[in-house]
Amino acid sequence: MKKTTIIIGFFGLMTAAAVVSSCSGKRSPGKIYMPDMTYSRAYETYAPRDSSIFTTDQDKRGDEIYYDNKPVHGTIKRGELFPYTLPNDTTGYKMSASVKNPLADLTTAEMTETQRIFNINCAVCHGAKGEGNGPVAAKVAGVANLTGGVYVTMADGTMFHSITYGKGVMGSYASQVSRKQRWELVKYIRTLQPKAEANPVAAADTTAKKG
């Protein structure tokens with residue numbers, strides 16, 4: 001009986017200690033029973049890995065743990081616009097004319113921010129007003145005047161295509177500005193341009209058919 005009382009007392013003392021330990025602070029979770037489940041061992045995307053264990057070479061699958069840092073093909077991050085899938089070739093450039101700008105009219109705040117993005121990335125060549133007279137234009141032949149000529153009537157999708165892949169002396173800006181920012185830049189460039197007039201050739205063709 002005495003031995004039983006001692007054992008019961010011991011377990012009672014341990015239980016009380018555990019309760020006191022777990023309730024020692026309102027912000028403390030107390031003792032962790034399974035730390036591997038509490039603290040994830042997941043790897044950060046760009047964190048360095050032990051090359052003797054991990055590999056990014058698909059041919060070494062099985063011998064080492066294959067880990068591809070790139071997102072799963074076809075996935076997009078939350079809030080991102082749908083991918084632009086037209087290829088960077090003559091066919092893709094022609095097809096881009098049918099792609100509509102997915103954005104509605106920009107708010108005043110969005111327009112102000114897009115102007116800032118334009119001044120950082122585009123004005124150095126195209127000029128602050130898009131007239132092709134930026135500080136670098138004198139040293140680079142063929143800088144486009146976005147306020148006249150073919151650029152006024154150019155489709156939004158074609159302009160986006162050119163910003164994405166580059167065109168002529170201009171390189172791609174896909175890494176500098178996000179997909180949404182590229183569409184916003186197209187919206188902003190429209191504010192620098194005069195309104196496009198009706199195509200006189202199309203009007204003449206219509207009249208000829210009626211006769």
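Heads up: the structure comes first, above all this text.
Because the structure is predicted, anything quoted here is derived from the model rather than measured.

**Student:** Honestly, the overall build of the protein in this entry has me stumped. Any pointers?
**Tutor:** Check the secondary structure of the protein and you find 9 helices and 2 strands. Listed by position from the N terminus, the elements making up the protein come as α-α-β-β-α-α-α-α-α-α-α. Summarising the internal contacts of the protein: among those between residues at least 6 apart in sequence, 51% fall at separations of at least 24. Accessible area of the protein: about 15900 Å², with a carbon and sulfur share of 58%.

**Student:** Got a minute to help me understand the packing of aromatic side chains in this structure?
**Tutor:** Note on aromatic pairs: each is described by the distance of the centres and the angle between the planes. Inspection of every chain in the model, using the stated rule, returns 4 aromatic pairs. Geometrically, the ring pair formed by Tyr84 and Phe160 is edge-to-face, given 4.9 Å between the ring centres and 65° between the ring planes. Of the two residues, Tyr84 is situated in the loop between strand 2 (65-66) and helix 3 (90-95) and Phe160 in helix 7 (residues 156-165); the sequence distance between them amounts to 76 residues. Taken individually, Tyr84 and Phe160 each receive the classification buried, so the pair is uniform in this respect. When the centroid spacing of 6.3 Å and the interplanar angle of 50° are considered together, the rings of Tyr84 and Tyr165 count as tilted. Of this pair, Tyr84 sits in the loop between strand 2 and helix 3 while Tyr165 sits in helix 7, placing them 81 residues apart in sequence. The exposure class assigned to Tyr165 is partly exposed, which follows from its relative accessible area of 26%. The structure contains a cluster of three or more aromatic residues connected by ring pairs, namely Tyr84, Phe160, Tyr165 and Trp183. Over the face of the ring belonging to Tyr66 we find Arg61, whose NZ or CZ atom lies 4.0 Å from the ring centre.

**Student:** So what exactly am I meant to see when it comes to the packing of helix 7 against helix 8 (residues 179-192) here?
**Tutor:** The description of two packed helices rests on the angle between their axes and on the distance between the axes. Where helix 7 contacts helix 8, the two axes come as close as 10 Å, and the packing angle between them is 125°. By the angle between their axes, helix 7 is oblique relative to helix 8. Read as a crossing pair, helix 7 and helix 8 show a hand that is right-handed. Along the contact surface, helix 7 presents Asp156, Gly157, Met159, Phe160, Ile163 and Thr164, while helix 8 presents Arg179, Arg182, Trp183, Leu185, Val186, Ile189 and Arg190. Of the residues contributing to the contact of helix 7 with helix 8, the split by class is 7 nonpolar, 2 polar and 4 charged.

What counts and what doesn't
Residues numbered from 1 in each chain as written. Predicted model: local features only at pLDDT ≥ 70, side-chain atom pairs only at ≥ 80, totals over all residues. Heavy atoms only, no water. Helix = DSSP H or I, 4+ residues; strand = E, 2+ residues; numbered from the N terminus. Contact = heavy atoms within 4.5 Å. Areas by Shrake-Rupley, 256 points an atom, 1.4 Å probe, with all protein chains shown as cover. Phe/Tyr/Trp six-rings, centres within 6.5 Å; stacked < 30°, edge-to-face > 60°. Buried < 20%, exposed > 50% of the residue type's maximum accessible area, 1.4 Å probe, protein only. Lys NZ or Arg CZ within 6 Å of the ring centre and 35° of its normal. Axes fitted to C-alpha atoms, helices over the stretch in contact; angles between N-to-C directions. Parallel < 35°, antiparallel > 145°, perpendicular 65-115°, else oblique. Left-handed = near helix turned anticlockwise from the far one by under 90°. Nonpolar A, V, L, I, M, F, W, Y, C, P; charged D, E, K, R; others polar.

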